[in-house]
Every structure is written in structure tokens, then in C-alpha cells.
Amino acid sequence: MATHPELGFYTLAGAPESPRELIGEIHDAEAMGLGAAFISERFNVKEAATLSGAAAAVSDEIRIITGATNHNTRHPIVTASYASTMHFLTSGRFTLGIGRGIAPLQDAYGMGRITTAQMEDFAGLMRRLWRGETIVDHDGPAGSWPVLRLDPDFDEEIPLGLVAFGPNSLELGGRAFDDVILHTFFTDATLQRCVRTVKAAAERAGRDPDSVRVWSCLATVGDHIAEPLRIKKRIGRLATYLQAYGDLLVATNGWDPAVLDAFRADPFVAGFRGALDGKATTEELEHVATLLPDEWLAPAATGTPEQCVGTIRRQLGLGADAVILHGATPTELRPIVDEYAH
């Protein structure tokens with residue numbers, strides 16, 4: 001059993017030099033007692049199924065959760081088989097987490113935008129397949145298939161996770177998923193509202209609200225990390241989110257959209273190609289910092305290990321069931337986790 005089942009981290013945070021870094025990170029995280037390793041997916045060296053298998057091979061206790069892959073990038077039988085393989089490989093430690101994805105990227109790749117109805121339909125298909133059902137002539141929001149089948153001897157309960165942002169996703173998480181993963185840089189008020197939305201939706205669906213675990217995703221950037229890296233993890237990360245889906249984040253937190261407009265209109269930001277947290281220099285990020293209000297950067301665990309732990313515990317006090325210590329490796333998290341254990 002993990003010492004801290006309510007704490008998780010993202011392996012290969014940011015832009016790792018090699019996916020092999022996952023191996024040491026999983027070892028370290030499990031030794032520290034962290035309860036869950038989250039795996040995000042990018043179309044470069046972070047393909048989720050491969051990373052999941054690697055994490056399973058070098059761990060014994062930590063939960064492995066995709067946070068997230070998309071349901072429309074693989075045939076449903078391939079995804080269902082990936083999850084069932086991981087389920088048996090890990091003796092039940094795997095959670096298949098999906099998300100809506102980034103619409104402009106999906107448009108560019110010709111994948112089609114993901115809807116709430118599609119994700120709900122997909123979740124139902126997965127649960128039926130893992131129970132050993134043969135599904136004939138399915139025609140629903142997720143797609144149409146003559147036959148879907150894994151193994152008729154299956155009777156497995158494999159957890160499903162959902163990365164949720166807006167109200168429709170949050171409600172879907174409450175009624176149809178087991179883990180709901182929130183976004184980074186949510187204010188206290190937003191966190192509380194999200195938890196209420198998820199739990200209320202679970203109750204309306206006839207589920208035990210306590211059975212749906214809501215994860216706060218908390219940017220964790222302690223002062224023991226070198227300043228250029230701190231700037232990248234806070235300024236760069238928030239700025240990258242604003243590049244990708246700033247309107248949604250600003251609306252969700254009730255922030256001033258005029259600030260976002262000014263951020264986008266800045267000549268440097270407007271002309272920058274690529275993700276700011278991956279490509280911008282320290283000096284460039286220092287300029288970006290002048291465009292971001294302190295209020296927008298405040299939802300993060302910063303300062304001394306003691307101060308970081310205080311912020312983590314506050315997330316739990318606000319209603320989160322668990323906290324992802326986001327954007328940091330286990331090595332970077334060690335002083336904070338050691339303090340948390342006291």
C-alpha cells in the first residue's frame with residue numbers, strides 16, 4: 001500500500017529529453033509512497049500505451065492513470081484491450097483516463113472534435129467489453145461498429161478517469177467515471193465548485209459521491225528548485241495553457257478576459273511559435289511574467305516545503321479527494337513529500 005494514496009504526480013512532466021526518464025521517476029515515486037503516477041500523452045515521445053507498460057514493469061504498488069489519452073485516436077477494441085492488458089499486468093492498479101483534447105490540434109489532424117456524448121458512449125462501451133459482453137451493431141455518438149468483443153470470460157471492473165474542465169465534462173465525470181482530474185491553476189472557488197458539480201452529478205446518477213475521486217491538479221514549484229526552472233514551471237506552464245485554451249481557463253476561473261486579450265496581443269507572444277514552456281528562454285519568460293497578474297499565478301504550491309504542504313492540505317480541505325503535485329519530478333518533490341509525511 002502506498003503511504004500517501006491521496007498524492008500523485010505526472011511522470012515525464014513538460015518536455016523530457018528521453019522517455020526513459022520515466023523508469024527512475026516511477027521507482028522514486030513509489031519509494032516515496034506517492035499513490036498515483038499520471039501519464040499525459042503528446043504526439044512525440046509520450047505515447048500513453050507504451051509509457052503505461054513501462055511504468056507497470058518497474059512498479060509494484062503505485063496506481064498508473066492516463067491523464068489523459070483520447071478515445072478517438074485508437075479503435076475502441078484496441079483501447080479496451082490496452083486497458084485490460086494493463087489491468088491484469090498491474091493486478092488492478094491501472095485506470096484508463098480520457099479527455100476532450102485540444103480542438104485546434106484535432107482539427108489540424110483531421111480527427112474530429114470530441115463531444116461529451118461521445119465520451120459517455122465510449123465509457124459505456126468499455127465497461128461492457130470488460131464485463132465480457134459482445135456488442136453487436138453499436139451505433140452511437142462514439143461511432144458505429146458491427147461487432148465489438150474482447151473475451152467472453154472477462155468480468156472485470158477497470159476504473160475510468162476523466163480530465164474535466166467545463167461543467168458538461170464535470171457532470172459526466174460524476175455520473176460515469178471513477179476518477180475526475182481537474183486542471184492546473186484553478187482558484188479555490190473554482191475547485192470547490194468543480195467538486196460540488198462532480199459529487200452532485202454522481203448523486204443524481206444514483207452513485208455514491210464518495211466513490212468518485214476528484215483530483216486537484218496543483219502546480220507544485222518549491223523554492224528549492226533553481227529559479228530558471230521555477231519560472232519555466234510557473235510562468236511558462238500557465239502561459240502555454242493560455243496559448244492552447246485561454247478562453248476556457250479564464251472563463252472557468254472568472255478572470256478578466258481583457259488581460260487574456262492583452263497577453264495574446266503582445267508582440268512577442270503573438271509571434272512566438274511553439275509552446276512557451278518548451279521553447280522560450282528564461283529572459284523571454286521573464287517578459288511573459290509581466291503580462292500575467294499575480295492572481296492568475298496564485299493557485300500553486302510555492303515557497304518552502306512547509307508552505308507547499310500547507311497549500312496541498314488546503315486543497316484537501318476545500319474538498320478535493322486527492323492532489324496531483326503537478327509539473328515536478330519525484331526528486332524535485334522529495335523535500336515537500338518528506339515534510340508532508342511529518
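These remarks concern the structure in this document. (Residues numbered from 1 in each chain as written. Predicted model: local features only at pLDDT ≥ 70, side-chain atom pairs only at ≥ 80, totals over all residues. Heavy atoms only, no water.)

Here we look at the overall build of the chain
Tallying secondary structure elements over the chain gives 15 helices and eleven strands in all. For the chain, whose C-alpha radius of gyration is 20 Å, the value lies close to the compact-globule estimate of 20 Å for 342 residues. Taking the principal axes of the C-alpha coordinates as reference, the chain spans close to 60 × 45 × 40 Å. By sequence separation, contacts in the chain at least 24 residues apart represent 73% of the contacts at least 6 residues apart. Distance between charge centroids for the chain: 2 Å, based on 30 positive and 45 negative side chains. (Helix = DSSP H or I, 4+ residues; strand = E, 2+ residues; numbered from the N terminus. Rg over C-alpha atoms; globule rule 2.2 N^0.38 Å. Contact = heavy atoms within 4.5 Å. Lys, Arg positive; Asp, Glu negative; His and termini not counted. Charge placed at Lys NZ, Arg CZ, Asp CG, Glu CD.)

Overview of a nonpolar patch on the surface
A cluster of nonpolar side chains, contributed by F43, I102, L105, Y109 and M111, occupies part of the molecular surface with about 450 Å² of accessible area. Along the chain, the position of F43 falls in the loop between β2 (34-39) and α2 (48-57). Residue F43 is classed as partly exposed on the basis of its relative accessible area, which comes to 48%. (Patch = residues over 30% accessible without salt bridge, like charges linked within 9 Å, V, L, I, M, F, W, Y side chains within 5 Å. Areas by Shrake-Rupley, 256 points an atom, 1.4 Å probe, with all protein chains shown as cover. Salt bridge = Lys/Arg side-chain N within 4 Å of Asp/Glu carboxyl O. Buried < 20%, exposed > 50% of the residue type's maximum accessible area, 1.4 Å probe, protein only.)

Some points on the nonpolar core
Within the largest apolar cluster, 92 residues are counted, with the highest numbers of intra-cluster contacts made by L96, L242 and F263. Counting nine residues, the second-largest nonpolar core is a separate cluster that includes I65, I181, W215 and I324. (Core = buried A, V, L, I, M, F, W, Y, C linked by side-chain atoms within 4.5 Å.)

Observations regarding the pairing of strand β11 (residues 322-326)
Counting buried positions along β11 gives five out of five residues, so the element sits mostly inside the fold. Of the two faces of β11, both are covered, the one formed by A322, I324 and H326 as well as the one formed by V323 and L325. As paired strands, strand β1 (residues 4-10) and β11 are joined by three bridges and run parallel to one another. Residue F9 lies in a different strand from β11, and its bridge partner there is L325. Both strand β9 (residues 213-222) and β11 contribute to a ladder of five bridges, which runs parallel. If you follow W215 over to β11, its bridge partner there is A322. (Pairing = 2+ DSSP bridges.)

Some words on the packing of aromatic side chains
Under the criterion given, the structure shown has eleven aromatic pairs. Ring centres 5.4 Å apart and planes at 40° place the aromatic pair Y10 and F38 in the tilted group. With Y10 in strand β1 and F38 in strand β2, the pair connects residues that are 28 residues apart, well separated along the chain. Across this residue pair, the class does not change: Y10 and F38 are buried. Note on Y241 and Y245: the rings are 6.0 Å apart at their centroids and 15° apart in plane angle, and the pair reads as stacked. (Phe/Tyr/Trp six-rings, centres within 6.5 Å; stacked < 30°, edge-to-face > 60°.)

Details of the environment of I181
Along the chain, the position of I181 falls in strand β8 (residues 179-181). The buried category is assigned to I181, whose relative accessible area is 0%. With 84 residues separating them along the chain, I181 and G97 place their C-alpha atoms 8.7 Å apart. Those residues within four positions of I181 in sequence are excluded, and the remaining contacts are Y10, F38, I65, T66, G67, L162, V163, A164, W215 and I324.

Some details on the packing of helix α1 (residues 21-32) against helix α15 (residues 330-340)
Relative to each other, α1 and α15 sit at 10°, their axes nearing to 10 Å. Relative to α15, the element α1 lies roughly parallel. The handedness of the crossing between α1 and α15 comes out as left-handed. Note on element contacts: α15 touches α1 through P330, T331, L333, R334 and V337, opposite E25, D28, A29 and M32. Of the residues belonging to the contact of α1 with α15, the class tally is five nonpolar, one polar and three charged. (Axes fitted to C-alpha atoms, helices over the stretch in contact; angles between N-to-C directions. Parallel < 35°, antiparallel > 145°, perpendicular 65-115°, else oblique. Left-handed = near helix turned anticlockwise from the far one by under 90°. Nonpolar A, V, L, I, M, F, W, Y, C, P; charged D, E, K, R; others polar.)

Concerning the pairing of β9
Most of β9 sits inside the fold, with nine of its ten residues counted as buried. In terms of strand pairing, β8 meets β9 through three bridges, oriented parallel. Pairing of V180 across the sheet is with V214, part of β9. Handedness of the β8-helix α7 (residues 188-204)-β9 crossover: right-handed. Examined bridge by bridge, β9 and strand β10 (residues 300-303) share four bridges and lie parallel to one another. Bridge pairing in β10 links A219 to A300. (Right-handed = clockwise from strand over helix to strand, strands pointing away.)

Some thoughts on unusual backbone geometry
With omega at 15°, the peptide bond leading from G67 into A68 counts as cis. Mapped onto the elements, A68 comes out in the loop between β3 (63-66) and α3 (76-89). Even without being a glycine, L12 presents a positive backbone phi close to 55°. Among the structural elements, L12 can be located in the loop between β1 and α1.

All we've got here are geometric facts, nothing functional implied.
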